[in-house]
Amino acid sequence: FYAAWLVRGLSGNSVNRAFDAGAEVDDGPPARPRRVAVIGAGMAGLVAAKELRDEGHDVVVYERTSGPGGVWASSKARGGVAWGSTITSTGALNTTLSDSPTPVFHRENERFPHHLDRQQFLDLLLRYEATHRVFADTLRCDTDVESMTRLDDDRWALRLRDTVGGTVSEETFDAVTICTGLNKEPYLPVIDGQDRFAGPQIHAEHYRPDDVGHFAGKRVLVIGMGETSSDVVMDLVDHGVEHVYVSQRGPTWVIPRTVASVPPDHVETRLVHDGPMLHRWAMLLTGVAPYALWPILRPSRLRPPKLRHVFRILVLHHPKKWLLWRLGSINWTKSDNLYFAMETGRATVLRDVERLEERRVVFTDGQEHEMDAVIYCTGYRPGPSLLPPSALDDAAEPSGGPDVPRTARDLYKLTIPPDHPNVAVIGFARGQIGAITLSTELQARWWALLVSGRRMLPSADRMRADAA
């Protein structure tokens, strides 16, 4: 198998020949410089604007807040949602951008932190912008793009509103790049009895470590098991909460942020992700599992008797727990703070929430517990799409499930709307494991080449079939 895989890979530089067939390589100047709008000045907008400008296009960037940075911005007024102690779930080396590398060593030859905190990642973006002068004469802050209308000549008319003065205007572009991101609107699941619960209910967006004292001595329910949930649970336990109950919907493999002295995503290679899905999972299990389990077994982490935590979270809390093939759909959480919180005896993982009562929460396995507050660590949604409505909007729920944004499910290569080939949505594609910055940069480069005419798209029908 490996001999065949190596021959195929080395002979063609890719195993996806169908995708390569649509590429037209041209090292000359852009075939057709265009006027392109970029909506959003966060990480995705920054990278998209840079790649488009490198291709020689006339770029205008619109940002509804007072400055760039997106969710990593320094204040809520600027659109930021990360608090100061937030750190990336992926390693610093895999979170950087290819032409603006993160300094791995300090001058004193001290190791650079394995993960970037909010300020370090924001500094990375600002340094990238300053190095390449991405927003020079292109960024228009305090400008909200309210809608986009397709004209008869296939160009786009953007309706713009000045968020300070309130004036409304319109501008026309040959192509539009939507970089509004995945984290635009907090997602709150609909749970029976939410309106009857007497205690406070907040989303993780509104949680701040400075306010953790409000939860001291209380019983708190945390819904969700991602990195944010794991960090919030540990923070609550460290600041005197009486007990934290964590609601888990599906099986989750909780692994440390740092294993064998490196972040887990440092074992990522093309060898892991090329080939059929069975091969990918075999490589992940043999490559990642030893790195994940060994630190857990060490006395400095969890003692072997405490492996029941791992087993419960990974297997027992799955409604189809005895179907081992379901391991192919597990979630990954790269923060083992949850395990340390459980070791204190003041954190418990339970099943999904069935309903909320005035002071009580009922779970799907029949358990009931008194609660004083609820924190939703349930992620974000991209918000309403700026794209015109289509027949897809009235279709039944696609097979991707409710956790995948509808906009992303309907995009060719998670980037191009089949009905609008001169529009790209940058920032929805992400690796199974690894930083979103890498996939965003590749999206932006491909999009810039498409606008230039150096790459070609298949027919709309072919793109729809591929997305489906």
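Structure's up top.
Since we're looking at a predicted model, the values are computed, not measured.

## What to know about the sheet that holds strand β1 (residues 35-39)
Across the sheet, five strands lie side by side as β3-β2-β1-β7-β20; this open sheet has parallel pairing. Sheet topology places β3 (139-140) and β20 (423-425) at the edges, where each strand pairs with a single neighbour. Where helix α12 (residues 436-452) meets the sheet, its contacts fall on β1, β7 (175-178) and β20, and the angle it forms with β7 comes to roughly 170°.

## Points about the packing of aromatic side chains
Note on aromatic pairs: each is described by the distance of the centres and the angle between the planes. Applying the stated criterion to the full structure yields four aromatic pairs. Taken together, a centroid distance of 4.8 Å and an interplanar angle of 50° make the contact between Trp-72 and Phe-121 tilted. Here Phe-121 lies in helix α5 (residues 118-132) and Trp-72 lies in the loop between β2 (58-62) and α4 (92-95), a separation of 49 residues in the sequence. The pair Trp-72 / Phe-121 is uniform in exposure class, with both members buried.

## Thoughts on the nonpolar core
Counting residues in hydrophobic clusters, the biggest one holds 36 residues, and the most contacted among them are Val-38, Ala-49, Leu-52, Val-61, Phe-135, Ile-416 and Trp-447. Looking at this core, the elements with two or more residues in it are β1, α3 (43-54), β2, α5 and α12. It is α3 that provides the largest number of residues to this core, a total of seven residues. Discounting chain neighbours no more than four positions away, the residues touching Val-61 are Val-38, Gly-40, Ala-41, Ala-49, Phe-135, Thr-138, Leu-139 and Arg-140. With 28 residues, the next largest nonpolar core counts Trp-83, Ile-313, Ala-347 and Ala-373 among its residues.

## So, the environment of Asp-461
Relative to the helices and strands, Asp-461 is located in helix α13 (residues 460-467). In this structure Asp-461 comes out as exposed when scored by relative accessible area, which is 56%. Spatially, the C-alpha atoms of Asp-461 and Asp-419 are 9.0 Å apart, while their sequence positions differ by 42 residues. Looking at Asp-461, its side chain comes within polar contact range of the side chain of Arg-464, at 2.6 Å.

## Brief notes about the side chain of Asp-372
Tracing the chain through its elements places Asp-372 in the loop between β17 (368-370) and β18 (373-376). Beyond its immediate chain neighbours, meaning those up to four positions away, Asp-372 contacts Phe-197, Gly-199, Pro-200, Lys-218, Arg-219 and Arg-359.

How each quantity is defined
- Residues numbered from 1 in each chain as written.
- Predicted model: local features only at pLDDT ≥ 70, side-chain atom pairs only at ≥ 80, totals over all residues.
- Heavy atoms only, no water.
- Pairing = 2+ DSSP bridges.
- Helix = DSSP H or I, 4+ residues; strand = E, 2+ residues; numbered from the N terminus.
- Contact = heavy atoms within 4.5 Å.
- Axes fitted to C-alpha atoms, helices over the stretch in contact; angles between N-to-C directions.
- Phe/Tyr/Trp six-rings, centres within 6.5 Å; stacked < 30°, edge-to-face > 60°.
- Buried < 20%, exposed > 50% of the residue type's maximum accessible area, 1.4 Å probe, protein only.
- Core = buried A, V, L, I, M, F, W, Y, C linked by side-chain atoms within 4.5 Å.
- Polar contact = N/O pair within 3.5 Å; in protein donor to acceptor, adjacent residues only side chain to side chain.

Just geometry here; none of it tells us what the structure is for.
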